Amino acid sequence: MKQGVIPDDLTRPFWEAANEERLVIQNCRDCDRLQHPPAPVCGKCGSDAALEWKQMSGRGRIYHYGVVHDCPIRLLQDDQPFNCAVINLDEDPGIQMYSHLPGTPVDEVPVGAAVELVFETAANGQKVPEWRVVGDS
Amino acid sequence: MSTENAPQSMYRSREGLGVWEHRGKVAAVGIGHGPTSRRWDGEADTSLGAISLIALRRAIEDAGVNPEDIDGLVMDERTTTGAFWPRGQELPWDVINAYNTTDAPLDGITQLSAEWILKNMPELTGNKFTIYGPGCMSNAIVVAAQAIGDGLAHTCLVLKAWHNLPGRYYQSGPNADDAIPGTPALRSLWGAPACYGTAIQFAEYCRKYGKNHDMMAPFISNSRRNGLKFPEGYWAQHRPEEITPEDYKAARWIAKPANLFDNDIPIMCSAAYLFTTAERARHLKQKPVYILGHASSRGQGRSFVPTLDEVEAECASSGRKLLEAAGITVDDVSFENLYDGFPQFHQFHMEGIRYRGVQPGEALDFYQTDISISGPNPVSPSGGNIGSGRSRFWMHTDCIQQIQRRAGERQVTGVEPVIGVSGGPMPTGGNFTCWSATPDY
């Protein structure tokens, strides 16, 4: 079970969208550049004036993965071992998200495979973006 | 008195800056280590502050300077990345009150300020300059070198200490909570251990170059072998256990492809160096070890985990910066002590500087050759964190001791120890130093 999430000012739009089963990523309109994790200012131009939240398609690919056997998070320790993958978004492969790849057997992860967005519910009811394999590597 | 972090202008983080303006004008002349332990036992005389006072006084004694002649102190206030005082646990007032205190009750226990040090070392009557090089000893060293070169101090203590508390590292604080704030949740919800990012980079490295995890075994065995010859280190002092290749391959996974021995062991430890000008160094007790140059990496990944491409580009840049600052080529380097905690990124540092001509993707093959202290290509003669525990400073101590020819059983014998390089921690964020037997190499 994932820990609950208490949205803060910086990430509230992300988590509110997740509760609507949408994935939004911070974007600088002036630079036409996504950034994740979000920040108070654009990492390229340094301005906060043109920051917005942009909806993503919910498609990506697996960059690589590890199998977690010794997890520091108490609530996840009963689930060990589990996959933990890095997902690159199709809109911009430089933007990453983590995933437990629900439905993929442990340590049988197809690196490079296509994935699509799904949502899980965390300990306090907050919905959390996850990813499911939909194609071959 | 408030001590500030060193400004970014003290770090050489861009390429093209040329040879360091103070090349050969700053020298290390003293070394001191405190005793190590696995975790703090709650006693005043084994506390973080106590072992740091030991380290500092040993460095002063080693250098043979009068304490009143020391006018600078460079250190790092933060002393852990994963051991935090449990919420609600009573403070150890008997230990706190055994020393001169500051406004922070746990100063000297789970943090260490310059103010605490100066309050508890009354012999440092001449100190006029304190500054933090936050992160690890690698930061403090380059800040101290720059400070002396710039004339901000002429004789300077450089200190880094680490504490560890009862309980498992990283498993207290927010990691034990039922809910966490939204910003750290973007990373933490998936439960990746500290070694995870490096493990991902290593996995991609193996895929790209056709290597495998077992090929790390000679490096790990060599590191522990060297560490067991480091009398100041944790494993040599408490658990003199070698790691055979079979031990390594059989170890339990932490975050596959990183296993137990791909992680260092958190410990209590403290080390101090004494730096001064090359001119003063000539008249002191120990053979001076000169700093030819320093360089810093301030790269960062675009998103959560720096990719292999980002890591390799940044390490190559760091290597070029360090050689440029020192005014040497990599062929001049006698031995390397680049950071190893996590060992799965040591090869990124090593390939970045092209040690012994090793190119990206070749380090694991290089590990299968003679990388011992008696061979022509010593790799991590300090043994690093794998050899002596999590300190991020064994590499620097070893560079100084090797060049002074007082590394004892670790002394390299297959090369003349004239030039050594050390530094880290992360491939995309670290500080690196080039050490030399002579000021004008």
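Residues numbered from 1 in each chain as written. Chains lettered and ligands numbered in written order. Predicted model: local features only at pLDDT ≥ 70, side-chain atom pairs only at ≥ 80, totals over all residues. Heavy atoms only, no water.

1. Notes on the overall build of chain A
Across its full length, chain A carries one helix and nine strands. For chain A, the sequential pattern of α-helices and β-strands runs β-α-β-β-β-β-β-β-β-β. Its C-alpha atoms give chain A a radius of gyration of 15 Å, near enough to 14 Å, the size a compact globule of 137 residues would have. Referenced to the eigenvectors of the C-alpha coordinate spread, the extents of chain A come out at roughly 45 × 35 × 25 Å. Taking all 137 residues of chain A together, 49% fall into the buried category. A separation threshold of at least 6 residues defines the contact pool for chain A, and within that pool the share at least 24 residues apart is 53%. For chain A, the exposed surface amounts to about 5,900 Å²; the carbon and sulfur share of it is 45%. Between the mean site of the 12 positive side-chain charges and the mean site of the 21 negative ones, chain A shows a separation of 4 Å. (Helix = DSSP H or I, 4+ residues; strand = E, 2+ residues; numbered from the N terminus. Rg over C-alpha atoms; globule rule 2.2 N^0.38 Å. Buried < 20%, exposed > 50% of the residue type's maximum accessible area, 1.4 Å probe, protein only. Contact = heavy atoms within 4.5 Å. Areas by Shrake-Rupley, 256 points an atom, 1.4 Å probe, with all protein chains shown as cover. Lys, Arg positive; Asp, Glu negative; His and termini not counted. Charge placed at Lys NZ, Arg CZ, Asp CG, Glu CD.)

2. Points about the sheet that holds strand E11 (residues 419-426) of chain B
Residue and element names in this part refer to chain B. Strand order in this open sheet of nine strands is E3-E2-E4-E8-E1-E9-E12-E11-E10, and the pairing throughout is mixed. Strands with a single pairing partner mark the edges of an open sheet, and in this sheet they are strand E3 (129-132) and strand E10 (335-338). On average, adjacent strands in this sheet sit at an angle of 25° to one another, irrespective of strand direction. Here helix H15 (residues 394-404) sits on the sheet in contact with strand E1 (26-33), strand E8 (269-277), strand E9 (289-297), E10, E11 and strand E12 (429-436), set at roughly 175° to E11. (Pairing = 2+ DSSP bridges. Axes fitted to C-alpha atoms, helices over the stretch in contact; angles between N-to-C directions.)

3. A word on the pairing of E10(B)
Residues and elements named next belong to chain B. Side chains Phe335 and Asn337 of E10 all project onto a buried face; the interleaved residues Glu336 and Leu338 project onto the opposite face, where all are buried too. Judged from the four bridges that link them, E10 and E11 form a sheet pairing that is parallel. The residue of E11 that forms the bridge with Asn337 is Ser422.

4. Things to note about empty space enclosed by the protein
Residue and element names in this part refer to chain B. A full pass over the atoms with the stated rule returns four cavities of 30 Å³ or more. Lining the largest cavity, in full, are Cys315, Ser318, Gly319, Leu322, Leu338, His349, Ile353 and Phe432. If you list the elements that add at least two residues to the lining of the largest cavity, you get helix H11 (308-326) and helix H12 (346-353). Counting residues per element, the lining of the largest cavity draws most heavily on H11, which supplies four residues. (1 Å grid on protein atoms, 1.4 Å probe; cavity = no way out; pocket = protein on both sides within 12 Å on 5 of 7 lines; lining within 4 Å. Points joined across faces, edges and corners; volume = space filled by probe spheres on them.)

5. Focus: the layout of surface pockets
Residue and element names in this part refer to chain B. Its boundaries defined by the atoms lining it, the second largest pocket holds a volume of some 690 Å³. Every residue lining the second largest pocket is counted, 33 residues in all, and those nearest its centre are Leu260, Asn263, Asp264, Ile265 and Pro266. Here the residues of the lining of the second largest pocket are counted per class, giving 16 nonpolar, five polar and 12 charged. (Nonpolar A, V, L, I, M, F, W, Y, C, P; charged D, E, K, R; others polar.)

6. What about the domain arrangement of chain A?
All names here are of chain A. Looking at the assigned domains, one finds that chain A contains domain 1 (8-55) and domain 2 (57-137). For domain 1 versus domain 2, the distance between C-alpha centres works out to 21 Å. Across the contact, 12 residues belong to domain 1 and 15 residues belong to domain 2. Here domain 1 and domain 2 share an interface that buries about 1,100 Å² over both sides, 68% of which is from carbon and sulfur atoms. (Domains from an automatic or database assignment. Buried area = accessible area lost by both parts, 1.4 Å probe.)

7. Thoughts on the packing of H11(B) against H12(B)
Residues and elements named next belong to chain B. Packing of H11 against H12 brings their axes to within 7 Å, and their N-to-C directions diverge by 50°. With respect to each other, H11 and H12 are oriented oblique. For the pair H11 and H12, the sense of crossing is right-handed. Counted together, Leu308, Val311, Glu312, Cys315, Ala316, Gly319, Leu322 and Leu323 of H11 and Phe348, His349, Glu351, Gly352 and Ile353 of H12 form the full contact between these two elements. Across the contact of H11 with H12, the residue classes tally to eight nonpolar, three polar and two charged. (Parallel < 35°, antiparallel > 145°, perpendicular 65-115°, else oblique. Left-handed = near helix turned anticlockwise from the far one by under 90°.)

8. A few points about the interface of chain B and chain A
Facing the 39 residues of chain B at the interface are 48 residues of chain A. With both sides pooled, the region where chain B packs onto chain A buries about 3,800 Å², and carbon together with sulfur makes up 55% of that total. It is B:Leu189, B:Trp190 and B:Arg302 in chain B that bury the most area against chain A; as a group they hold 23% of the surface buried on that side. Where chain B packs against chain A, one counts five salt bridges. Listed by contribution, the elements that provide at least two residues to the side of chain B that touches chain A are strand E5 (179-181), helix H5 (182-188), helix H6 (196-209) and strand E6 (253-256) of chain B. A per-element tally of the side of chain B that touches chain A places H5(B) first, with seven residues. Residues that form the side of chain B that touches chain A fall into these classes: 22 nonpolar, eight polar and nine charged. Relative to E5(B), strand E1 (residues 4-6) of chain A is paired through three bridges, and the arrangement is parallel. Paired with A:Gly4 across the bridge in E5(B) is B:Ala179. (Salt bridge = Lys/Arg side-chain N within 4 Å of Asp/Glu carboxyl O.)

9. Considering the side chain of A:His36
Note that A:His36 resides in the loop between strand E3 (33-35) and strand E4 (51-55). For A:His36, a relative accessible area of 2% translates into the label buried. If we ignore the near neighbours within four places in the chain, the residues touching A:His36 are A:Phe14, A:Ile25, A:Ile95, A:Gln96, A:Met97, B:Leu186, B:Arg302, B:Ser303 and B:Phe304.

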